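Okay, here's what each chain looks like letter by letter:
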Amino acid sequence: MSYQLFRKKSIPSILHEAKQGLSDAEGHSSELRKVLGVRDLTAMGIAAIVGAGIFSTIGTASHDGGPGVILLFIITAICCAFSALCYAEFSSRIPVSGSAYTYAYASFGELIAWIIGWDLLMEYAIGNVVVAISWSDYFTRFLTGFGIHIPAYLTTDYLSSYRGFNDATAQMAGGATLTGLSDNLQTAYNAWAYAPKIGNFRIIADIPALLIVTFITWLVYIGIKETRKATNLMVGLKMLIIFAVLAIGIFYVSPVNWHPFLPNGFSGMMKGVSAVFFAYIGFDAISTTAEECKDPQRDLPKGMFYSLIICTVLYILIAMVLTGMVSYKKLNVGEPLAFVFSQVGLNKISAIISFSAVVATASVILVFQMGQPRIWMSMSRDGLLPKIFSRIHPKYHTPSFSTILTGFFVAIPALFLNLTEVTDLTSIGTLFAFVLVCGGVLILPKRDEEELAATKRFQIKYINAKFIAPALYIIGLIIFWKNFVHLFQYDSWGDFREKLPFYLFFILSTGLAIFSYRKNFSLIPVLGLASCFYLMTELGYTNWLRFLIWLVIGLVIYFTYGYKNSRLAKNTSQ
């Protein structure tokens, strides 16, 4: 039983099956179109990374960490760089769709592959729902600037309006006025108060969120060429606006706002891990397009690195301008870029930024809506999902059924729900994928000399971690000795459970130090695994619990369908 759960697919068999297509229930073979180059992949990475993060969550992170938030961007970028190197190693050896799911199948086996595939589906779905809702907010505010007002009950979700109405009513009962409440509370109150009814049920739905998801899904459905053109156009436009923002904003920077640099200390800066990391998960989506790349072994690694470097520089510069224009204490707002320019009297620039945010968030939805169907397609090829999920459209050469289903999975929740309370699941899910990819490189069979000589594929430079990893482990214990001792001091169950993820990190880092010494592990995957797992610990017990519940649901589906229908199991039994 245990052997069957961890049965692996060899790299040659993965490449052979991808070449065959294995595309639909009838067994017809149909390949995806190979049209993407380095520039396209870089643009897709930038499209996914420079989105809600730079126009929204960077404000919260700056409020918590102060000007020192730039250090958090650098730390997170380094962790992502280690993971990007591991992704590049896998993509050069296994240039097929599926991302971390396919990589885990070749290194850890079927059960872990299913877990990571299920995890990625959650990551993309929740992330896109949240971004779609954010797009709706930016879009309605942008229209308001032109005097176009959409009724509040058509621009918000049911649950948010219900909660907001009750909150606003309670505050007004205490003497507050409606106009004195925040914009969000006013919108929620008006949505609930003036929504049309059917009996006692109010008709409240976020129509703009539905429309953008529908449009993006259609765009992804009709072809990768159309998706590529739209992505390149949107990226070019928002990059121009960001450069203009930097060029103008630098003249309004007051260095006094950069002091104190870390007002809330290191722990305050690390509060922004989820907000910052949410901005960096885009390069994971690039790897799902491997079968649509002209030369995936060469182009995918370059696209990942270029987009990561460009976006890190942009985030650091934007954070410096934001915290330099106004005090970090004022930046806990939903639209920080527009806010800081309005604070210095540049209201027209603020309006332009709102338009840029509409374009930027749309590009994030585009890349993620493209990534999720390709993961479903890969899981279906392996028999872990029904064959219809891998059906390729005969004309458009895209995963047709999976693309449409992805649209429904994102559009319906975006229409009626607000998932902001579980957005950290996107970050913890992505970090988990990064951890497994880095770990997979450590146990992946080494390439023989003949394979290396015959190709010019990317390969991680081997640096022996035998002494370096244990040395870093000991240095870390010495530097953070007080924090380590504090882990074992708690007064209640609530205090203890919040520290549980850190116990897991201590066990993992100890094991990595020992096995690096004994097995001569490669240093870069070890650093990637440890750093990403540490970032997971910063996301708190509640998010870990939600994440584990999602994985349990996935395991139920695997054991009721995937385990019995696995192609690998059928091939083994023959």
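This structure is a prediction, so every number in the text was calculated from the model and none was measured. (Residues numbered from 1 in each chain as written. Predicted model: local features only at pLDDT ≥ 70, side-chain atom pairs only at ≥ 80, totals over all residues. Heavy atoms only, no water.)

K.L.:
Could you clarify how one ought to interpret the overall build of the chain in this entry?
P.N.:
Regarding its fold elements, the chain presents 26 helices and two strands. Counting across all 574 residues of the chain, residues that qualify as buried make up 56%. Taking all contacts inside the chain whose residues are at least 6 apart in sequence as the whole, residues at least 24 apart take part in 83%. For the chain, the accessible area works out to roughly 24,400 Å², and carbon and sulfur atoms hold 66% of it. (Helix = DSSP H or I, 4+ residues; strand = E, 2+ residues; numbered from the N terminus. Buried < 20%, exposed > 50% of the residue type's maximum accessible area, 1.4 Å probe, protein only. Contact = heavy atoms within 4.5 Å. Areas by Shrake-Rupley, 256 points an atom, 1.4 Å probe, with all protein chains shown as cover.)

K.L.:
Explain the pattern of salt bridges to me, please; I cannot follow it from the model alone.
P.N.:
Side chains bearing opposite charge may pair, as long as their charged atoms lie close to each other. For the coordinates displayed, the defined rule picks out one salt bridge. A salt bridge links Arg-7 to Glu-110, with the nearest nitrogen and oxygen atoms 2.7 Å apart. Of this pair, Arg-7 sits in the loop between helix H1 (2–5) and helix H2 (11–20) while Glu-110 sits in helix H7 (residues 110–144), placing them 103 residues apart in sequence. Given the relative accessible area of 5%, Arg-7 is considered buried. Here Glu-110 falls in the buried class, since its relative accessible area comes to 0%. (Salt bridge = Lys/Arg side-chain N within 4 Å of Asp/Glu carboxyl O.)

K.L.:
Quick question: what am I supposed to make of the packing of helix H6 (residues 100–107) against H7 here?
P.N.:
How two helices sit against one another is set out by the angle between their axes and by the gap between those axes. Packing of H6 against H7 brings their axes to within 7 Å, and their N-to-C directions diverge by 170°. By the angle between their directions, the pair H6 and H7 is classed as roughly antiparallel. Contacts between H6 and H7 involve Ala-100, Tyr-101, Ala-104 and Tyr-105 on the former and, on the latter, Glu-110, Ile-112, Ala-113, Trp-114, Ile-116, Gly-117 and Leu-120. Tallied by class, residues from the contact of H6 with H7 come to nine nonpolar, one polar and one charged. (Axes fitted to C-alpha atoms, helices over the stretch in contact; angles between N-to-C directions. Parallel < 35°, antiparallel > 145°, perpendicular 65-115°, else oblique. Nonpolar A, V, L, I, M, F, W, Y, C, P; charged D, E, K, R; others polar.)

K.L.:
Before we go on, may I ask you to explain the confidence of the model for the chain in this structure?
P.N.:
Taken over all residues, the pLDDT of the chain has a mean of 81, while the share at 70 or more is 89%. Note on residues 22–30: pLDDT under 50 across the span, and 23 contacts to partners over four residues away in sequence or across chains. (pLDDT = per-residue confidence, 0-100.)

K.L.:
How should the packing of aromatic side chains be read in this particular structure?
P.N.:
Ring pairs (aromatic) are described by centroid distance and by the angle formed between their planes. Applying the stated criterion across every chain, the model contains 28 aromatic pairs. Plain terms: the ring middles of Trp-118 and Trp-550 are 4.5 Å apart, the flat faces sit at 15° to each other, and that makes the pair stacked. With Trp-118 in helix H7 and Trp-550 in helix H25 (residues 540–565), the pair connects residues that are 432 residues apart, well separated along the chain. Judged by relative accessible area, which is 12%, Trp-118 ranks as buried. Relative to Trp-218, the ring of Phe-215 lies with its centre 6.0 Å away and its plane at 35°, an arrangement referred to as tilted. Residue Phe-215 and its partner Trp-218 are both found in helix H10 (residues 207–222); the two are separated by three residues, about one turn of the helix. Given the relative accessible area of 44%, Phe-215 is considered partly exposed. (Phe/Tyr/Trp six-rings, centres within 6.5 Å; stacked < 30°, edge-to-face > 60°.)

K.L.:
What exactly am I supposed to notice about helix H8 (residues 158–173) here?
P.N.:
For the α-helix, the turn length of 3.6 residues means that residues three or four positions removed from each other point alike. Compared with an ideal rise of 1.5 Å per residue, which puts 16 residues at 22 Å, H8 spans 23 Å between its outermost C-alpha atoms and is within 8% of the ideal. Along H8, the residues that are buried comprise Ser-161, Gly-164 and Ala-168. Projected onto a plane normal to the axis of H8, the buried residues spread over an arc of 70° and lie on a single side. Summarising the geometry of H8, the exposed residues directed more than 90 degrees from the buried face are Ala-170 and Ala-173. Measuring from the side-chain oxygen of the N-cap residue of H8 to the backbone nitrogen of Leu-159 gives 3.3 Å; that N-cap residue is Asp-157. Just downstream of H8, Gly-175 is the residue with a positive phi angle, here 115°. (Expected span 1.5 Å × (residues − 1). Arc of directions from axis to C-beta. Polar contact = N/O pair within 3.5 Å; in protein donor to acceptor, adjacent residues only side chain to side chain.)

K.L.:
Is there a simple way to think about the layout of surface pockets in this case?
P.N.:
Left-over empty space is what a probe sized like a water molecule reveals as it rolls over the atoms. The computed volume of the second largest pocket comes to approximately 1,500 Å³. Mapped onto the lining of the second largest pocket, the elements with two or more residues apiece are helix H5 (69–93), helix H12 (265–270), helix H21 (468–479), helix H22 (481–486), helix H23 (493–519) and helix H24 (523–537). By residue class, the composition of the lining of the second largest pocket is 26 nonpolar, eight polar and three charged. (1 Å grid on protein atoms, 1.4 Å probe; cavity = no way out; pocket = protein on both sides within 12 Å on 5 of 7 lines; lining within 4 Å. Points joined across faces, edges and corners; volume = space filled by probe spheres on them.)

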